[in-house]
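Per-entry structural report
Letter by letter, the chains look like this.
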Amino acid sequence: MAQENIAVTNFREYLRIKTVHPEPDYENAIVWLKKQAIDLGLEFHIVEFPKPNEFAVWLTWQGKDVTLKSVLLNSHIDVVPVDATKWTYDPFGAEKDANGNIFARGSQDMKCVGVQYLEAIRNLKARGVVPLRTVHVSFVPDEEVGGYKGMACFVKSPEFASLNVGFALDEGIASPDESFHVFYGERAIWQFRMTAKGKTGHASILHEDTAAEKIHKIINKLLGLREVEKARLKSNPNFDLGDVTSVNMTMLSGGLQPNVVPPELSVVFDMRITPHWKLDDMKKMLDDLCIEAGPEVSYDYIQHSNIIAQTALNDSNVWWTTFKSVTDSLKMQLNSSIFPASTDIMFIREIPAFGFSPMNNTPVLLHDHDEFLNETVFLRGVEIYEAILDKIVNVTKSDSTP
Ligand SMILES: [Zn+2]
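Residues numbered from 1 in each chain as written. Predicted model: local features only at pLDDT ≥ 70, side-chain atom pairs only at ≥ 80, totals over all residues. Heavy atoms only, no water.

1. Things to note about the coordination of the zinc ion
Selection criterion: Excluding water, the donors of a metal are its N, O and S neighbours within 2.8 Å, or within 3.2 Å for Na, K and Ca, and that exclusion means sites may look incomplete. Here a site with four donors is tetrahedral if all angles are between 85 and 135 degrees, and a site with four or six donors is square planar or octahedral if opposite donors are over 155 degrees apart and the other angles are between 65 and 115; anything else gets the irregular label. Starting at the N terminus, helices and strands are each numbered in turn, a helix being any DSSP run of H or I of at least four residues and a strand any DSSP run of E of at least two.
Here the zinc ion is held by the protein donor atoms His76 (NE2), Asp109 (OD), Glu171 (OE) and Glu171 (OE), which lie 1.8 to 2.6 Å from it. In this structure, the zinc ion is surrounded by four donor atoms whose angles at the metal cover 54 to 150 degrees, and the resulting shape is irregular. Spacing between the donor residues of the zinc ion along the chain follows H-x32-D-x61-E. Taken together, the residues span a long stretch of sequence, with Asp109 in the loop between β5 (101–103) and α3 (111–126) and Glu171 in the loop between β7 (165–170) and β8 (180–186) at a distance of 62 residues.

2. A look at the UniProt feature "binding site: Zn(2+) 2" (unreviewed entry) in the chain
The criterion, for reference: UniProt positions are given in the numbering used here, feature names are shortened, and annotations may be inferred rather than shown by experiment. The contact criterion used is simple: two residues touch if any of their non-hydrogen atoms lie within 4.5 Å. The definition of a polar contact used here is a pair of N or O atoms within 3.5 Å, where within protein one atom must be able to donate a hydrogen and the other to accept one, and adjacent residues in sequence count solely through side-chain atom pairs.
UniProt records the feature "binding site: Zn(2+) 2" (unreviewed entry) at Asp109, Glu144 and His367, using the numbering of this structure. Spatially, the listed residues are clustered: although they cover 259 residues, their C-alpha atoms lie within 10.0 Å of one another. Setting aside chain neighbours within four positions, we find Asp109 in contact with His76, Asp78, Val79, Glu144, Glu171, Leu366, His367 and Glu371. For Asp109, the side chain forms a polar contact with the side chain of His76, separated by 3.0 Å. For Glu144, the location among the structural elements is in the loop between β6 (135–140) and α4 (151–156). For Glu144, the contacting residues outside a window of four places in its chain are His21, His76, Asp78, Val79, Val80, Asp109 and His367.

3. Focus on the pairing of strand β3 (residues 70–76)
Convention followed: Burial classes: relative accessible area under 20% of the type maximum marks a residue as buried, over 50% as exposed, and values in between as partly exposed (1.4 Å probe, protein chains only). Strands were regarded as paired on the criterion that DSSP finds at least two bridges between them.
Most of β3 sits inside the fold, with seven of its seven residues counted as buried. A two-sided burial pattern is seen for β3, the buried positions comprising Ser70, Leu72, Asn74 and His76 on one face and Val71, Leu73 and Ser75 on the other. Inspection of the sheet shows β3 paired to β7 by four bridges, in the parallel sense. The partner of Leu73 across the bridge, within β7, is Leu169.

4. A few points about the packing of α3 against helix α9 (residues 375–392)
Helix packing for two helices is described by the angle between their axes and how far apart those axes are. Let me state the cut-off plainly: Here an axis means a line fitted to C-alpha atoms, over the contact stretch when the element is a helix, while the angle between two N-to-C directions is reported on a 0 to 180 degree scale. Oblique is the label for every angle not falling under 35 degrees (roughly parallel), over 145 degrees (roughly antiparallel), or within 65 to 115 degrees (roughly perpendicular). Crossing chirality is assigned from the near helix's rotation relative to the far helix, an anticlockwise turn below a right angle marking it left-handed and a clockwise turn marking it right-handed. Here the nonpolar group is Ala, Val, Leu, Ile, Met, Phe, Trp, Tyr, Cys and Pro; Asp, Glu, Lys and Arg are the charged ones; every other residue, Gly included, is treated as polar.
Interhelical geometry of α3 versus α9 gives an angle of 60 degrees and a closest axis separation of 8 Å. Taken together, the axes of α3 and α9 lie oblique to each other. Once α3 is placed against α9, the crossing between them reads as right-handed. In contact with Cys112, Val113, Val115, Gln116, Tyr117, Glu119, Ala120, Ile121, Asn123 and Leu124 of α3, α9 contributes Val377, Phe378, Gly381, Val382, Tyr385, Glu386, Leu389 and Asp390. Broken down by class, the residue content of the contact of α3 with α9 amounts to 12 nonpolar, three polar and three charged.

5. A closer look at the environment of Gln116
Tracing the sequence through the fold places Gln116 in helix α3. For the pair Gln116 and Tyr385, spaced 269 residues apart in sequence, the C-alpha to C-alpha distance is 7.1 Å. For Gln116, the residues in contact, after removing those within four places along its chain, are Pro358, Val377, Phe378, Gly381, Val382 and Tyr385. A distance of 3.0 Å separates a polar atom in the side chain of Gln116 from the backbone oxygen of Phe378.

6. Observations regarding the sheet that holds strand β14 (residues 297–304)
Here four strands make up an open sheet; going across it, the order is β11-β13-β9-β14 and the pairing antiparallel. The outermost strands of the open sheet, each flanked by one partner alone, are β11 (246–254) and β14. With strand direction ignored, the average angle separating the axes of adjacent strands in the sheet is 20 degrees. Sheet topology note: the strand β9 (residues 188–197)/β14 ladder contains seven bridges and is antiparallel. Across the sheet, Ala196 pairs through a bridge with Val297, a residue of β14.

7. Looking at the domain arrangement of the chain
The line we're drawing: Start and end points for every domain follow an automatic or database-based domain assignment. By definition, a salt bridge exists where a carboxyl oxygen of Asp or Glu is found within 4 Å of a side-chain nitrogen of Lys or Arg.
The domain boundaries assigned to the chain delineate domain 1 (6–186 + 308–399) and domain 2 (188–304). Between the C-alpha centres of domain 1 and domain 2 the distance comes to 37 Å. Contacts between the two partners involve nine residues from domain 1, matched on the other side by 14 residues from domain 2. Seen at the junction of domain 1 and domain 2, the total is zero salt bridges.

Pasting the structure below:
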């Protein structure tokens with residue numbers, strides 16, 4: 001039997017570290033990353049923030065010109081929980097079947113990408129490549145629970161500022177056909193609770209100014225918007241979820257007992273706002289809705305991102321033209337779109353950045369049972385990153401700013 005490629009062995013080793021919520025084993029992941037840094041001859045860095053499990057790790061490959069902006073390759077270390085009874089294999093065994101499919105939580109989301117970055121650097125170093133720009137390969141915790149202990153802290157730190165990042169790559173998603181997805185923007189996530197207060201009293205009386213009448217108006221308005229956006233998505237075959245705003249009513253609460261008109265009712269909505277819209281307009285809509293619904297109606301945010309920038313996909317963006325020239329030379333078919341959910345990349349969106357996980361001909365199994373990635377697809381991904389990095393790390397000062 002042929003010896004397993006070292007990239008695959010490393011991938012399987014990383015998958016076996018149980019960085020699964022709610023108690024991810026970050027300690028052993030950090031030990032493993034340190035070992036990779038030594039093996040590859042990269043600098044190992046870690047910054048720890050005040051609260052437990054708040055940190056970021058990055059491995060640095062020094063470039064020839066440290067005055068140039070660097071390239072950041074980001075991935076998250078954590079994975080979502082599993083229901084092991086629904087899995088064919090141990091979700092943390094990283095078993096490989098006869099077809100080369102490697103089964104494990106994180107095989108698609110996104111330990112594959114973290115290892116592929118490193119293995120691409122291994123190959124480039126073996127070829128004697130010395131990058132013009134410095135490359136930082138970052139590994140952050142807690143993306144799957146909002147990124148607040150990882151990327152959100154990291155981007156605000158002086159350590160991150162000192163990296164002087166000019167371009168970043170982060171995760172995308174698998175594609176079941178021949179094509180590859182590349183994401184150039186995210187939708188802004190707004191989760192908010194709207195609360196209505198009103199006249200309480202016996203439920204046999206038709207009181208004026210009740211909380212339910214106000215909540216009714218709110219629900220009508222927002223579910224009306226939902227209908228409009230659903231129709232818009234269906235009407236244009238070129239539209240993806242990222243091109244429209246999704247609206248979902250996710251929680252409804254209030255009431256004391258069946259024969260009492262409730263003094264207060266509240267409803268929670270989850271909205272993902274397309275970057276084609278202006279957030280100020282959405283804010284005004286919610287403010288107006290509070291007034292339209294009647295007195296004593298207010299709202300508060302549960303989650304609220306104000307970042308809605310997109311990375312340009314045109315000739316003005318050298319990172320895009322470079323990326324695209326490589327994928328074209330590899331005859332890869334790219335599907336560019338707005339990411340429907342949010343990832344850590346939203347924290348660095350002001351920097352040109354793409355979401356990209358090179359997995360084609362692969363069923364989309366992130367967060368699903370029996371998540372797997374085929375060994376051949378994984379190794380092809382290493383080659384793709386190798387080709388992309390070879391060009392991206394050598395983008396000259398005259399090509400970019402700076
Ligand atoms: Zn992910």
